[in-house]
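Fold and geometry: a report
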Amino acid sequence: MPAYTPGPSLASPSPQRPSPQRPSPRTPEQARDEARLYKIDRGPNWLIVHLQTPSGGDHRLTDDLWSICDRHFTYRLVVEMDEVASLSPETNQQLDDLRERLGQRGGALRLCGLSAACERRLDASHGALPNHRTRRDAVLSSDTHTAVNPAPRKPH
């Protein structure tokens, strides 16, 4: 009986798949900054990130939050923003970019705790990220809901 010889599909190495983009390793300074800026909690199927020091570093918000999600292999994120005094247009754009990025992975971004002024600014920029009263509301809510701090209605 002749010896078994694998066919070409078994003998040839499989083509290399491009590896998913992984965040670059954090330096100790980046880890300290992250610990100072973000308090991270886990819920069932969700990450909850409390933004502790929102000012100065808006340029890294998307990358930082994405890196946190990627390290935890969880792409459903609630960002508690009750300490955020104001939202810059750059921050609004970063949050929108993060929402899109998480959505591409089947995830979601929910915000909670925004002040009325911040919520109005966020609504004025794009309105795709509603504000929830609490982290629990954010996790349990669907994307369509009434705003926490609705703008006053104009009389007809």
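Whatever comes next refers back to the structure up there.
To keep things clear, this report deals only with the structure shown in the data block.

Below, the discussion takes up the nonpolar core. In this structure, Tyr 38, Leu 65, Leu 77, Met 81, Leu 102, Leu 109 and Leu 111 are the most contacted members of the largest nonpolar core, which totals 25 residues. When contributions to this core are tallied by element, the ones reaching two or more residues are β2 (46–51), α3 (61–72), β3 (76–80), α4 (89–104), β4 (108–112) and α5 (116–125). If one sorts the elements of this core by residue count, α3 sits on top with 5 residues. The contact partners of Leu 109, leaving out residues within four places of it in the chain, are Leu 77, Val 79, Leu 95, Leu 98, Arg 99, Leu 102 and Leu 129.

This next bit is on the pairing of strand β1 (residues 38–43). Across 6 bridges, β1 lies against β2 in antiparallel orientation. Within the sheet, the bridge partner assigned to Arg 42 lies in β2 and is Leu 47.

Spatially, β1-β2-β3-β4-β5 is the arrangement adopted by the 5 strands of the open sheet, whose pairing is mixed. The outermost strands of the open sheet, each flanked by one partner alone, are β1 and β5 (131–132). Inspection of the sheet shows β2 paired to β3 by 4 bridges, in the parallel sense. From the neighbouring strand, Val 49 faces β3, where its bridge partner is Val 79.

Another point: the pattern of salt bridges. As enumerated under the stated definition, the model contains 8 salt bridges in all. With a shortest N-O distance of 3.9 Å, Asp 41 and Lys 39 are connected by a salt bridge. Its relative accessible area of 42% is what places Lys 39 among the partly exposed residues. Among the salt bridges present, the one from Asp 41 reaches Arg 135, with a minimum N-O distance of 3.0 Å. Linking Asp 41 in strand β1 with Arg 135 in helix α6 (residues 135–140), this pair joins segments that are 94 residues apart in sequence. Among the residues examined, Arg 135 registers a relative accessible area of 30% and is labelled partly exposed. Salt bridges sharing common partners tie together Lys 39, Asp 41, Glu 80 and Arg 135.

Once that is clear, we can look at the side chain of Glu 80. One can find Glu 80 in strand β3. Polar side-chain contacts of Glu 80 include one of 3.0 Å to the side chain of Arg 135. Other than its neighbours up to four places away in sequence, Glu 80 contacts Ile 48, Val 49, His 50, Leu 51, Cys 112 and Arg 135.

Rules of the game
Residues numbered from 1 in each chain as written. Predicted model: local features only at pLDDT ≥ 70, side-chain atom pairs only at ≥ 80, totals over all residues. Heavy atoms only, no water. Core = buried A, V, L, I, M, F, W, Y, C linked by side-chain atoms within 4.5 Å. Buried < 20%, exposed > 50% of the residue type's maximum accessible area, 1.4 Å probe, protein only. Helix = DSSP H or I, 4+ residues; strand = E, 2+ residues; numbered from the N terminus. Contact = heavy atoms within 4.5 Å. Pairing = 2+ DSSP bridges. Salt bridge = Lys/Arg side-chain N within 4 Å of Asp/Glu carboxyl O. Polar contact = N/O pair within 3.5 Å; in protein donor to acceptor, adjacent residues only side chain to side chain.

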